[in-house]
Amino acid sequence: GDGVDPAISDRSLHLEQKTLPELRAMLDRGEVSSEQLTRFYLARIGALDDQGPTINAMLDLAPGAIARARMLDRHRYESGHGPLYGIPFVVKDNVDVKGLPTSGGSMVLSHAYPKDSAHMVQRLEQAGAILLGKTNMTEFAASYGEPGYSSRGGITRNPWRLDRSVLGSSSGSAAAVAAGFAPFSIGTDTEGSVRGPAHAAGLVAMRPTLGRVSRDGIIPLAMSFDTPAPMTRTVQGNAWVLAAMAGRDEHDDATWFNERAPLKGLDPVPAPENPTPLQGLRVGVIENRQAGNAEIEAHFAHALKRLKALGATPVRATLERHYLDLWPTAVGPVHQAEFQPQLERYLRQFDQDQPHTLKEIMRRCEALNQHAGNHPPVTPRRIRGMQYRLDERFEGSPEYLEVVSRRLPELREHLAQFMANNHLDALVFPTEACPAPPLTDGKHNDYECTTREPFALGYIASATGFPELTMPMGMTSAGVPVNLSLLGGERQEAVLYRMGLAFMQDVADDKTLSLPAMAPLTDPGRASATLDRRSP
Ligand SMILES: NC(=O)CC[C@H](N)C(=O)O
C-alpha cells in the first residue's frame, strides 16, 4: 500500500468514535473515503486486538477489503446507493463468508470453507457494506460457563473494562463495535447471544422477529430460536442494517412473511420537534421480575421516568409466572434436541476431510487436547457439554414435539393476547438483571449480582419469536454500561425503533447521565499507535 492518508492521521477526526449515521454523513460530504475508513479500522484492529489491551474480538480478516473499498469509492457519487454504501462491518464466525472458514471459534473447523456466503451477508454486500473480517465468539455459540471463550480466539475482553466479560456468544461482534473496530457488526441470538453482549458492551441491538432475516449459511444452535441480529451504537444505524439484512429467502421458510409484511417506517426520522414523540404508546412494566443489582434498578427507574416524559404511558404488567422461567419448560428442551441434527445437516456442505458429525467434532477436540499438554485448547467442560448433547438426542421425541407444536405456539398466542388486552405496544425491563461480570471467578468488591438467572426475561423473545430492542440506559459506578429492553409484538420492529430513537435521543441530551456515548479505548496515545502501524 501507500502512506497513511493525511485525512486519517488527523486525530481530530476521531473515527473510532463515529457512529454509523455520522460516518454516512462524512462519506456523503466527502470528508472521508471508504478506503480511508477501511484502512483506519484495519490498523486499529492491528494495534489493539492481538496486542496492547488484547481485546481478542477478531478471528480471520477478509482479504480484499481495501480493494473493495477503493472500487466502491469510485462509484460513490452515483445515485441509488443506500445508507450502508461504503461502510465497513464485521460478522460473527458462525456465519458463512465465501473465502473464509466458518469455524464457530473452534480449532477443529478452522479449515471448513463454505460453498457460498450466507444470504444476509450477500444482502449486506449488495447494499455496499464492506466486510472487514470474522469475530471471535463463544465456541459453537453455547457457553458451558465460559462466555466469550473459543479455542481459536481465546477470551474476548470487554473494551469498557478489560477485566470484565463481554458475555456471549456474540462476544467479538460486541467488543469490536465498542472498541471502534467497525461501526456495525452482525451477531446471532438463540437465547440471548446478541442481547447479553450488547448489554455488556453498551450497544444498540435488535433481535428481530424470527424469520425477518434468513438463517441460511449459519451454524445452527437451535433453529426454533436462532436469528442473526445487528449491533450498532445508534438506533438509526441499527434500523438501516436490519432493513438491509431482512428479506425473503427461499432457503429459509421462516422468512416467508417478508413480502407481505415488510419492515416499515425505518427511514431517517427528522430531529423531533415534538417534545412528546411517544404520545399514545403504552409500555408494560413487568412487575413480577427478579431484580439483581441496585444500580440497574436505579437506572431502570430513571428510564421509565424518561419514557413517560417523552409521552409514553408506563402501565404495571404482571406476567403469568411461567413466562419468568421459560428455560426448563420451553427453551431448554428445544435447545437440547435441535443442536446435533441441525448442526450435522449444516456440516454436509463441507469437504470430505472436515468433520460431519458432532461425535467426530468431539473426537478431534479430544485429540487436540492430547497434543496440547497442560493447556487444553478445548475446555473439558465443553467436551462434557457436547457429550450431553449426544446423549440427549430427541428431535423426534414426544416431549420435543409437544413443546414445538403446542407449547411454543401457545406462548406466542397468550403473550399477543396479553399485550392486546392491556393495549401494550411493548414490554419494558432491564436487558439483564446484573452488569457484565468479572472475567475470572476472583474476588471483585465492585460486583453485585443477587439473582441466579439475570437473563430470565430474555427467554421470552426466544420462545415467542417476538422482536426485542436493547439499548444503553446508563453506566455503573464500576464503569460498565447497562441496557434497557423493549419487547414488541410479532413483526413490530418499527414501533420498537421509534421508541428507541426517542429514548436514546433524550438520553444523549441529558448531560447529567454518564452514558456510553463514545467508544472506549480512545486515549490519544493508543490512537496514534494505531495510525502509525500499517494495515495490509
Ligand atoms: N447462543 C445463545 O443464544 C446462547 C446464549 C447463552 N447465554 C450462552 O452463552 O450460552
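See above for the structure.
What you are looking at is a predicted structure, and each value in this text was computed from that prediction instead of being measured. Throughout, residues of each chain are indexed from 1 in the direction in which the sequence is written. In keeping with the model being predicted, local features are shown solely for residues with a pLDDT of at least 70 and side-chain atom pairs are shown and tallied solely at 80 or more, while totals for entire chains, interfaces and linings include all residues. The side-chain numbers reported here are obtained from all heavy atoms of the structure, hydrogens and water having been left aside.

Attention now goes to the overall build of the chain. Check the secondary structure of the chain and you find 16 helices and 13 strands. Throughout, the radius of gyration refers to the C-alpha atoms, and the reference size of a globule is 2.2 Å times the residue count to the power 0.38. What you see for the chain is a C-alpha radius of gyration of 22 Å, in line with the 24 Å of a compact globule of 536 residues. Taken along the three principal axes of its C-alpha coordinates, the chain extends 60 × 60 × 50 Å. Should any heavy atoms of two residues lie within 4.5 Å, those residues are counted as being in contact. In the chain, 77% of the contacts between residues at least 6 apart in sequence involve partners at least 24 apart. Counted as positive: Lys and Arg. Counted as negative: Asp and Glu, with His and the chain ends omitted from the count. By convention, the point assigned to a charge is CZ for Arg, NZ for Lys, CD for Glu and CG for Asp. Charge-centre separation for the chain: the mean point of 55 positive side chains lies 1 Å from the mean point of 63 negative side chains. Labels follow the DSSP assignment, with helices taken as runs of H or I lasting at least four residues and strands as runs of E lasting at least two, numbered in each case from the N terminus.

Let us now look at the site of the ligand. Think of it this way: one heavy atom of a residue within 4 Å of a molecule or strand is enough to make that residue near it. Around the ligand sit Ala141, Ala142, Ser143, Gly168, Ser169, Thr190, Glu191, Gly192, Ser193 and Leu221, and that is every residue in its neighbourhood. The term polar contact refers here to a pair of N or O atoms within 3.5 Å; inside protein, the definition further demands a hydrogen-donor-capable atom paired with an acceptor-capable atom, and it admits residues adjacent in sequence only when both atoms are side-chain atoms. The separation between an oxygen atom of the ligand and a polar main-chain atom of threonine 190 is 3.0 Å. In this structure, glutamate 191 approaches the ligand through a main-chain N or O atom, which is 2.5 Å from an oxygen atom. Contact with the protein chains covers 82% of the free accessible surface of the ligand, which is 300 Å². When atom positions are compared with the pocket grids, the ligand is found to occupy the largest pocket. The classification used treats Ala, Val, Leu, Ile, Met, Phe, Trp, Tyr, Cys and Pro as nonpolar, Asp, Glu, Lys and Arg as charged, and all other residues, Gly among them, as polar. The residue inventory of the shell around the ligand, partitioned by class, reads 3 nonpolar, 6 polar and 1 charged. Accessible areas in this description were obtained via Shrake-Rupley with a 1.4 Å probe; residue shielding takes into account the shown protein chains only. Using a grid of 1 Å spacing that covers the protein atoms alone, one calls a set of points a cavity when a 1.4 Å probe fits there but cannot get out, and a pocket when the set is open and has protein on both sides within 12 Å along at least five of seven lines; lining residues are those with an atom within 4 Å of a point. Whether a molecule sits in a cavity or pocket is decided by its atoms, more than half of which must lie within 2 Å of the grid points.

As a further point, take the packing of helix α10 (residues 326-347) against helix α11 (residues 358-371). To get an axis, fit a line to the C-alpha atoms, keeping to the stretch in contact for a helix; angles then go from 0 to 180 degrees between the N-to-C directions. Axis separation between α10 and α11 bottoms out at 9 Å; the angle between their running directions is 85°. One way to sum up the angle between α10 and α11 is to call them roughly perpendicular. In this structure, α10 contributes Phe339, Gln340, Leu343, Glu344 and Leu347 to the contact, and α11 contributes Leu358, Lys359 and Ile361. Of the residues contributing to the contact of α10 with α11, the split by class is 5 nonpolar, 1 polar and 2 charged. Any angle from 65 to 115 degrees is called roughly perpendicular, while one under 35 is roughly parallel, one over 145 is roughly antiparallel, and all others are oblique.

Spatially, 11 strands are ordered β1-β3-β2-β6-β8-β7-β12-β13-β11-β9-β10 in an open sheet, and the strand pairing comes out mixed. The outermost strands of the open sheet, each flanked by one partner alone, are β1 (58-61) and β10 (313-317). In this sheet, neighbouring strand axes are inclined to one another by 30° on average, regardless of whether the strands run parallel or antiparallel. Against the sheet, helix α8 (residues 235-245) contacts β6 (184-189), β7 (204-207) and β8 (227-232), and its axis sits at roughly 150° relative to β8. Packing against the sheet, helix α9 (residues 294-309) makes contact with β9 (282-286), β10, β11 (426-430), β12 (468-475) and β13 (481-488), and its axis sits at approximately 150° to β11. We call two strands paired when DSSP finds no fewer than two bridges between them.

By definition, a salt bridge exists where a carboxyl oxygen of Asp or Glu is found within 4 Å of a side-chain nitrogen of Lys or Arg. The full count for this structure, using the stated rule, is 24 salt bridges. A salt bridge links lysine 134 to aspartate 93; its shortest N-O distance comes to 3.0 Å. Residue lysine 134 is found in strand β3 (residues 130-135), and its partner aspartate 93 is found in the loop between β2 (88-92) and α5 (119-126); the two are separated by 41 residues along the sequence. Judged on exposure class, the residue lysine 134 and its partner aspartate 93 are both buried. Each member of the salt-bridge network shares a partner with another, and the members are Asp60, Asp93, Lys134 and Arg152. Only protein chains enter the accessibility calculation, which uses a 1.4 Å probe; a residue whose area is less than 20% of its type maximum is buried, one above 50% is exposed, and one in between is partly exposed.

The next thing to look at is the packing of aromatic side chains. Stacked, tilted and edge-to-face pairs are distinguished by plane angle, under 30 degrees for stacked and over 60 for edge-to-face with tilted covering the rest, among Phe, Tyr and Trp rings (Trp via its six-membered ring) whose centres lie within 6.5 Å. In the structure shown here, the tally under the stated rule is 6 aromatic pairs. Judged by centre distance (5.6 Å) and plane angle (70°), the ring pair of phenylalanine 40 and tyrosine 41 falls under edge-to-face. Judged by relative accessible area, which is 4%, phenylalanine 40 ranks as buried. A relative accessible area of 1% means that tyrosine 41 is categorised as buried. Ring geometry for tryptophan 327 and tyrosine 459: centres 5.5 Å apart, planes at 50°, overall tilted. In this pair, tryptophan 327 is assigned in helix α10 and tyrosine 459 in helix α14 (residues 458-464), connecting sequence segments 132 residues apart.

Turning next to helix α13 (residues 398-421). A helix is expected to span 1.5 Å multiplied by its residue count minus one. Between the first and last C-alpha of α13 there are 33 Å, a value that for 24 residues agrees with the 34 Å anticipated at 1.5 Å per step. Throughout, the bend at a residue refers to the angle made by two axes, fitted to the seven residues ending there and to the seven starting there. At valine 404, α13 is bent by approximately 35°, the largest bend along its length. Those residues of α13 that sit buried are Tyr400, Val403, Leu408, Leu411, Leu415, Phe418 and Met419. As for α13, its buried residues are in contact with β10, α10, β11, α14 and β13. Two residues or fewer after α13 comes histidine 423, characterised by a positive phi angle close to 50°.

Moving on, we come to the state of the cysteines. Pairs of cysteine sulfur atoms within 2.5 Å are what we label disulfides. Counted according to the given criterion, the structure contains 1 disulfide. A sulfur-sulfur distance of 2.0 Å marks the disulfide that ties cysteine 434 to cysteine 449. When the S-S torsion is 80°, as for the bridge of cysteine 434 with cysteine 449, the disulfide is right-handed. Separated by 15 residues along the polypeptide, cysteine 434 in the loop between β11 and α14 and cysteine 449 in the loop between β11 and α14 bring together distant segments of the chain. Residue cysteine 449 is classed as partly exposed on the basis of its relative accessible area of 31%.

A few words now on the layout of surface pockets. Taken as a whole, the largest pocket encloses approximately 1400 Å³ of empty space. Elements represented by at least two residues in the lining of the largest pocket include exactly α10 and α12 (380-391). For the lining of the largest pocket, the class distribution of residues is 21 nonpolar, 14 polar and 8 charged. Grid points are joined across faces, edges and corners, and a volume is the space filled by probe spheres set on the points.

Counting 87 residues, the largest nonpolar core has Leu124 and Phe184 as the members making the most contacts within it. We call a set of buried Ala, Val, Leu, Ile, Met, Phe, Trp, Tyr and Cys residues a nonpolar core when their side-chain atoms join them within 4.5 Å. Counting residues in hydrophobic clusters, the runner-up holds 31 residues, among them Leu326, Val331, Leu457 and Leu487.

Attention now goes to helix α6 (residues 171-178). Among the 8 residues in α6, 8 count as buried, and that is most of the element. All of the buried residues along α6 are Ser171, Gly172, Ser173, Ala174, Ala175, Ala176, Val177 and Ala178. The first or second residue beyond α6 is glycine 180, which carries a positive phi of 75°.

Looking now at the environment of glycine 217. Within the secondary structure, glycine 217 is located in the loop between β7 and β8. We classify glycine 217 as buried; its relative accessible area is 14%. Considered as a pair, glycine 217 and asparagine 421 are 204 residues apart in the sequence and their alpha carbons are 39 Å apart. For glycine 217, the contacting residues outside a window of four places in its chain are Asn94, Val95, Asp96, Ala118 and Tyr346.

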